[in-house]
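# A closer look at the structure
Take a look at the letters that make up each chain.
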2 protein chains.
Amino acid sequence: MAQLRLAMAQVDPTVGDLPGNAALVREHVTRAAQAGAHLVAFPEMVLTAYPVEDLALRASFVEASRRALTQLAADLAADGHGDLPVVVGYLDRAPEPPDAPDAPQGGRALPQNCAAVLHGGAVVGRYAKHHLPNYGVFDEYRIFAPGDSLTIVRVRGVDVAIAICEDLWQEGGPVSQTRAAGAELLLVINGSPYEREKDDTRLALVQRRAAEAQCTLAYLNMVGGQDELVFDGDSMVVGRDGTVLARGPQFVEDLVVVDLELAGSSVDVGGLPEDIVHVTVSQEPLPPYAAQQPPMYPRLDPLEEVWRAVGLGLRDYVRKNGFRKVLLGVSGGIDSTVVATMAADVLGGENVIGISNPSKYSSAGSKDDALALADNLGLDYRVVPIQPMVAPFLEALGVDGVAEENLQARVRGVIWMAISNSEGPLVLTNSNKSEVSVGYSTIYGDSVGGFAPIKDVPKTLVWELAKWRNRYAVSRGERPPIPEASITKAPSAELRPDQTDQDSLPPYDVLDAILAGYVGVAHGRDTLIEAGFEPVVVDQVIQLVDRAEWKRRQFAPGPKISPLAFGKDRRLPITSHWREQQEQHR
Amino acid sequence: MAQLRLAMAQVDPTVGDLPGNAALVREHVTRAAQAGAHLVAFPEMVLTAYPVEDLALRASFVEASRRALTQLAADLAADGHGDLPVVVGYLDRAPEPPDAPDAPQGGRALPQNCAAVLHGGAVVGRYAKHHLPNYGVFDEYRIFAPGDSLTIVRVRGVDVAIAICEDLWQEGGPVSQTRAAGAELLLVINGSPYEREKDDTRLALVQRRAAEAQCTLAYLNMVGGQDELVFDGDSMVVGRDGTVLARGPQFVEDLVVVDLELAGSSVDVGGLPEDIVHVTVSQEPLPPYAAQQPPMYPRLDPLEEVWRAVGLGLRDYVRKNGFRKVLLGVSGGIDSTVVATMAADVLGGENVIGISNPSKYSSAGSKDDALALADNLGLDYRVVPIQPMVAPFLEALGVDGVAEENLQARVRGVIWMAISNSEGPLVLTNSNKSEVSVGYSTIYGDSVGGFAPIKDVPKTLVWELAKWRNRYAVSRGERPPIPEASITKAPSAELRPDQTDQDSLPPYDVLDAILAGYVGVAHGRDTLIEAGFEPVVVDQVIQLVDRAEWKRRQFAPGPKISPLAFGKDRRLPITSHWREQQEQHR
């Protein structure tokens, strides 16, 4: 038996910030050393942060990552931690760039998504990700060359195999190699984005792979928001029998320190196949020591999980893009109310500028609800009626109907952007996933904004989140922030007299159920009708979704919380005559 | 020796329009039959059009493509062309869907990009693309499963191997198989998007591959615009010695009919390896006949080529999305002048609504130039001064400086969208590639619009195009459409007194040269400085480009004409702290 204290740093790096991310690593290595760790690990590509997208195709960026890694190794030694092995993800050149001019990547020499083992001031080991995800939000065949050898590092007599993210999701490859080599610990560093209920999928996968690899499996995930993605942490260690030995927190940075009891160097170093590289950092097992209690964070409530995911995505978008404040329209409706509350939760109400832009169609109730919300949250609240700006447009152009409705929404957008240009806050747009799906928004109007917090949250879930947030406040002895009327009243854009959303859309529970099928899992018309939805409603929804693609293309990014979000996750042509009902109608 | 009359239909299908595309095929097969063809070919995925992006992941769409193919085979026979073999691209299921739940595509059974041979009312042969491009604008690992066998079809005693697009760009695979099997004709069907000077690359490649395959090579390309892409036709036939035997026109539909003289059935059908499928459609060689003169279209002038590419992209976006008219702001500046002229060229001046929105900063010259242009082109020209709408915003918000400049641009956007909502035209945005690169535009202001014709045309090229268009008019005895002053005056947004673009930007020739390096080929700061650019200017440009990513994400699509356009072709994070000069500054 051998012991090892593993420190998994689930940190929140920033894409491209090589000096900042290196400093983050150094800070956590110091903390890990203070905690008595024998091995420290960081997430996938922590040095560059993740995903870097086409930055990987810039030679200057690849070289900067390589230099930053070498510097980091030296700096860690200078910090006095040269003896402590550290596993860090980074971007590296491929050892032998393909030289075929007609290679699939268009002749470019692709770099690799790598993990390095730093020790004694130097890079002593290197592993390149084998399995490159190229589905959903991932484009890794586009930007990386796959690795083909496994790296095992011996630390205090314990053989630790290293793998990266997708390597764990695939049969064979590093998992099989780990088993064949007889390593005792499989350390997987990840940049795995949050999705609702994905945590349970991950746990089940980690348990299955631990059994397949026949060893303890440590799963370390990044934390933080990056454009459309939210990384949720939730790092864990699972024994070969599937027992959860430790679990880190969700959505916050943490150093997860776990004492492991392992068999001790069972790898036959002389007998390894050519595609396994073995590096010995330290041969001598540790003398027995008293293990600490491992962290075992409970899972968050599913609604709290979504609230925190969106909040983290929002906070990091604001912070990492150099903003301090946000600005949004507050109408008293449930969408703007929930977005304002989320923003106040992560930025503080005083950093949230809430603009009420009443029109002649705005109800007194809506104005009251907006004011009550502003009061509850301590918003920087301002009222700018739009009638004086709307009137001269109507006079000059003589438009009415939908054009007049949209005009009001666009005048609001102009006001928000003028204040943003003048004072600097990031403008948020409040559209939810149901609206974004069916195009129920005015482009360049209420869709104005640089970030769309609830873009992937369907309307029915927006209501659930609002109710959860108020219950949460009550459970903590606080005043519920969200005015009850904002939750209970019929949703309306208030762009013409007595308008409600249900004038143009099916009830939201029906709409969201159809969207879950049509958008969420690409079900066709026939499948939806077999599932019991009215054909006429299915056809209406499908048509609305298909026709709104051009609007979505110009929509702000927002955090992905579902298995299939709009944006990188769903790439459809704008120009398309495909209609599910096409064959019926020809 | 054997003869064969090949008809290559370089047609313009519409994505998703299965009935319409099938009708297009039938129409061209009839024309080919009338022309006495013995084999007819259509472009890559002609039945679904191309690229279908994630529509390929919808099972209902894949099945509809399969049904449409079967129906097409029957319809062609019913049309009396059952004896004429026809090669059509379409979308098909993979023969054996992968069943691994952890497959790279996230467990989805991916379909295939296929070519079918239709004959006698049935599908008699099938080939699936081997090499899947996954770089630039292409995401084919995401949506297709690769094929692994070659299909050779014998027509009138001639053995014709079939391949699809990227198969030709790769060493090995179908090209080697064609040579090994001894086929006499390699027919490659393509959906290959236009790029400046790509035609010469393609010709050289076709010549090289004909030599490698040791046979005649027929290269058939699609025509038309699809969102960001323009397919330029330019189909060709090249002999095994590299001689160009025929060449089709660029940017227009055509049936390219070529009489080939080939060796005649040199394939040893019994001795083929397992990964080559041979289908005999007709064994008996044709009796000798008098060959026709093949078409040999000359190459267009490089500037005319760009003009036509943008025009086709614009025309097809308008037409395929159900618009009849477009609307754009006309300021008298070169960008709006060129876009209006392009639009009038492809849609007719009467279908182009040109709006002049003078502000208090607009010069008399600009107003005159806009009016002269409108007159030259026969635009539906309207003047809507913006001062009455700008004033109440300024009064209510008290903003000035850049906020006031942007406000004027946004008031214009509101006016255009109100007219669009009221009358239905597609709004065009006039930003050129230089502006889109450095973010020199007002989001929700002059960037308002559903399509951006010159998004991939740098400012210096906009001027060249304008001059070319006037020369072209003169060469045809027509009045030059573009007012000389629009070409010669200093460019200005006219949003404040005496403003010119060069107050904030380097001269456009310098800017465009730096952008060609930084954006076009991902050169780093050091490389640019080594190339002789001023470090301070390089740093300014890089910073502007990097900081404008969020704006580009909300920008309309526009036709790609360069090797690296914005959009699908260049995928960078919005949130990024990477700066080329980072290491100098830390």
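Residues numbered from 1 in each chain as written. Chains lettered and ligands numbered in written order. Predicted model: local features only at pLDDT ≥ 70, side-chain atom pairs only at ≥ 80, totals over all residues. Heavy atoms only, no water.

Our next topic: the packing of aromatic side chains. Residue and element names in this part refer to chain A. The full count for this structure, using the stated rule, is 19 aromatic pairs over all chains. Between the aromatic rings of W307 and W468, the centroid separation amounts to 5.8 Å while the plane-to-plane angle is 50°, which identifies the pairing as tilted. Of this pair, W307 sits in helix α7 (residues 302-320) while W468 is found in helix α13 (residues 459-475), placing the two residues 161 residues apart along the sequence. Neither W307 nor W468 differs from the other in exposure class; each is buried. Grouped by ring-pair contacts, the aromatic residues W307, W468 and Y472 constitute a single cluster. Just above the ring of F566 sits the side chain of K433; from NZ or CZ to the centre is 5.9 Å. (Phe/Tyr/Trp six-rings, centres within 6.5 Å; stacked < 30°, edge-to-face > 60°. Helix = DSSP H or I, 4+ residues; strand = E, 2+ residues; numbered from the N terminus. Buried < 20%, exposed > 50% of the residue type's maximum accessible area, 1.4 Å probe, protein only. Lys NZ or Arg CZ within 6 Å of the ring centre and 35° of its normal.)

What follows concerns the sheet that holds strand β5 (residues 122-128) of chain A. Residues and elements named next belong to chain A. In space, the six strands of this open sheet follow the order β5-β4-β3-β2-β1-β14, with mixed pairing throughout. Here the strands that pair on one side only, and so sit at the sheet edges, are β5 and β14 (254-262). With direction set aside, neighbouring strand axes in the sheet form an average angle of 30°. In the sheet, strand β1 (residues 2-10) pairs with strand β2 (residues 39-41) via three bridges, with the strands oriented parallel. Bridge assignment links A7 to a residue of β2, and that residue is V40. Contacts between helix α1 (residues 18-34) and the sheet are confined to β1, β2, β3 (86-92) and β14, with β14 contributing the most and set at about 50° to the helix. (Pairing = 2+ DSSP bridges. Axes fitted to C-alpha atoms, helices over the stretch in contact; angles between N-to-C directions. Contact = heavy atoms within 4.5 Å.)

Right, let's talk about the packing of helix α7 (residues 302-320) of chain B against helix α8 (residues 334-347) of chain B for a bit. Residue and element names in this part refer to chain B. For the pair α7 and α8, interaxial distance at closest approach is 9 Å and the crossing angle is 65°. Of the possible angle classes, the one that applies to α7 and α8 is roughly perpendicular. Where α7 crosses over α8, the handedness of that crossing is right-handed. In this structure, α7 uses W307, V310, G311, L314, R315 and V318 to contact α8, whose residues at the interface are V338, T341, M342, A343, D345, V346 and L347. Residue composition of the contact of α7 with α8, by class: nine nonpolar, two polar and two charged. (Parallel < 35°, antiparallel > 145°, perpendicular 65-115°, else oblique. Left-handed = near helix turned anticlockwise from the far one by under 90°. Nonpolar A, V, L, I, M, F, W, Y, C, P; charged D, E, K, R; others polar.)

Attention now goes to the sheet that holds strand β18 (residues 380-383) of chain A. Residue and element names in this part refer to chain A. Pairing within the open sheet is parallel, and its four strands lie in the order β18-β17-β16-β19. Edge strands, defined here as strands with exactly one partner in the open sheet, are β18 and β19 (426-427). With four bridges connecting them, strand β16 (residues 326-329) and strand β17 (residues 352-356) associate as parallel partners. Each residue of the ladder has a partner; that of G329, found in β17, is I355.

This part covers the pattern of salt bridges. As a working rule, side chains carrying opposite charge can pair if their charged atoms are close by. Residue and element names in this part refer to chain B. In this structure the tally under the stated criterion is 92 salt bridges over all chains. Between D54 and R142 there is a salt bridge, and its shortest N-O distance comes to 2.8 Å. Highlighted residues: D54 in the loop between β2 (39-41) and α2 (59-81) and R142 in helix α3 (residues 140-143), separated in sequence by 88 residues. Like R142, D54 is buried. Across the pair D234 and R299 runs a salt bridge, and its minimum N-O distance is 2.8 Å. Placement of the pair is D234 in the loop between β11 (229-232) and β12 (236-238) and R299 in the loop between β15 (276-280) and α7, with a sequence separation of 65 residues. Accessibility expressed as a relative area gives 27% for R299, which makes it partly exposed. (Salt bridge = Lys/Arg side-chain N within 4 Å of Asp/Glu carboxyl O.)

Here the focus is unusual backbone geometry. The omega torsion across Y50(A) and P51(A) is -5°, close enough to zero to call that bond cis. With respect to the helices and strands, the residue P51(A) is situated in the loop between β2 and α2 (59-81). The phi angle at A522(B) is positive, at roughly 55°, despite the residue not being glycine. As for its position among the elements, A522(B) is in the loop between α15 (508-520) and α16 (525-530).

Below, the discussion takes up the nonpolar core. Counting residues in hydrophobic clusters, the biggest one holds 66 residues, and the most contacted among them are V326(A), I334(A), V338(A), L428(A), V457(A), L465(A) and I561(A). Contributing elements (two or more residues each) for this core: α7, β16, α8 (334-347), α9 (364-377), α12 (433-438), α13, α15 (508-520) and α17 (535-547) of chain A. Per element, the largest residue contribution to this core is nine residues, and it comes from α7(A). Discounting chain neighbours no more than four positions away, the residues touching V457(A) are V310(A), N432(A), K433(A), S434(A), V462(A), L465(A) and I561(A). Within the second largest apolar cluster, 65 residues are counted, among which are V230(B), L505(B), Y508(B) and V537(B). (Core = buried A, V, L, I, M, F, W, Y, C linked by side-chain atoms within 4.5 Å.)

The subject of this paragraph is the environment of V237(A). All names here are of chain A. In this fold, V237 is placed in strand β12 (residues 236-238). The buried category is assigned to V237, whose relative accessible area is 0%. Separated by 110 residues in sequence, V237 and L347 place their C-alpha atoms 33 Å apart. The residues touching V237, leaving out its near neighbours within four places in the chain, are M8, T216, L217, A218, T243, V244, L245, A246, V258 and L260.

Residue and element names in this part refer to chain B. Here strand β6 (residues 150-155) lies mainly inside the structure; six of its six residues are buried. Of the two faces of β6, both are covered, the one formed by L150, I152 and R154 as well as the one formed by T151, V153 and V155. Across five bridges, the pairing between β6 and strand β7 (residues 158-164) is antiparallel. Opposite T151, over in β7, you have I162 as the bridge partner.

In this structure, D569(A) sits in the loop between α18 (549-553) and α19 (582-585). A distance of 3.4 Å separates the side chain of D569(A) from the backbone nitrogen of V137(A), its partner in a polar contact. Ignoring any residue separated from it by four or fewer positions in sequence, one finds D569(A) in contact with G136(A), V137(A), K560(A), P563(A), L564(A), D54(B) and R142(B). (Polar contact = N/O pair within 3.5 Å; in protein donor to acceptor, adjacent residues only side chain to side chain.)

Before going further, it helps to examine the pairing of strand β10 (residues 223-226) of chain A. Because side chains alternate across β10(A), one face comprises the buried residues V223(A) and G225(A), and the other comprises G224(A) and Q226(A), equally buried. What sits between the antiparallel neighbours β10(A) and strand β11 (residues 229-232) of chain A is a turn of two residues, in which D227(A) has the positive phi angle 55°.

The transformation that overlays chain A on chain B combines an axial shift of 0.0 Å with a rotation of 180°, and the residual RMSD is 0.0 Å. Interpreted geometrically, this transformation is the action of a two-fold axis. If distances are taken from each C-alpha of chain A to the rotation axis, the shortest is found for Q554(A), at 2.0 Å. Comparing contact sets, 100% of the residues at the interface of chain A also lie at the interface in chain B, consistent with an isologous, same-surface contact. (Least-squares fit on C-alpha atoms with pLDDT ≥ 70 in both.)

Before going further, it helps to examine α17(A). Think of an α-helix as turning once every 3.6 residues; residues three or four places apart then point the same way. Residues and elements named next belong to chain A. In a regular helix each residue adds 1.5 Å, so 13 residues correspond to 18 Å; α17 covers 18 Å between its end C-alpha atoms and thus fits that length. Among the residues making up α17, those that are buried are V537, V538, D539, V541, I542, V545 and D546. Among the structural elements, α12, α15, α16 (525-530) and α18 are those in contact with the buried residues of α17. (Expected span 1.5 Å × (residues − 1).)

Here we take up the confidence of the model for chain A. Any residue range with low pLDDT should be treated as having predicted coordinates unsuitable for detailed reading. All names here are of chain A. Averaged over every residue, the pLDDT of chain A is 94; residues scoring 70 or more account for 97%. Every residue in residues 99-106 scores below 50 in pLDDT, and together they form 17 contacts with partners more than four places removed in sequence or on other chains. Two summary scores accompany this predicted model of the complex, namely pTM at 0.96 and ipTM at 0.95. (pLDDT = per-residue confidence, 0-100.)

Turning our attention to the state of the cysteines. One pass over the full model with this rule turns up zero disulfides over all chains. In this structure C114(A) is a free cysteine whose sulfur lies 14 Å from that of C165(A), the closest cysteine sulfur available. (Disulfide = S-S within 2.5 Å.)

Taken together, the 89 residues of chain A in the interface contact 89 residues of chain B. Put simply, chain A and chain B have four salt bridges between them. One salt bridge connects E580(A) with R58(B), and the closest N-O pair in it is separated by 3.4 Å. Viewed at the interface, chain B and chain A are joined by 38 residue pairs in polar contact (both at pLDDT 80 or more). Per element, the largest residue contribution to the side of chain A that touches chain B is 12 residues, and it comes from helix α11 (residues 402-423) of chain A.

Two numbers describe a pair of packed helices, the interaxial angle and the distance between the axes. Residues and elements named next belong to chain A. Following both chains from N to C, one finds α1 and α2 inclined at 30°, their axes separated by 10 Å at the closest point. It follows that α1 is roughly parallel to α2 by the angle criterion. The two elements α1 and α2 cross, and the hand of that crossing is right-handed. Residues L18, A22, V25, R26, V29, T30 and A33 of α1 touch α2, and the partners they reach there are A64, S65, A68, L72, D75, L76, D79 and H81. Residues of the contact of α1 with α2, tallied by class, amount to nine nonpolar, three polar and three charged.

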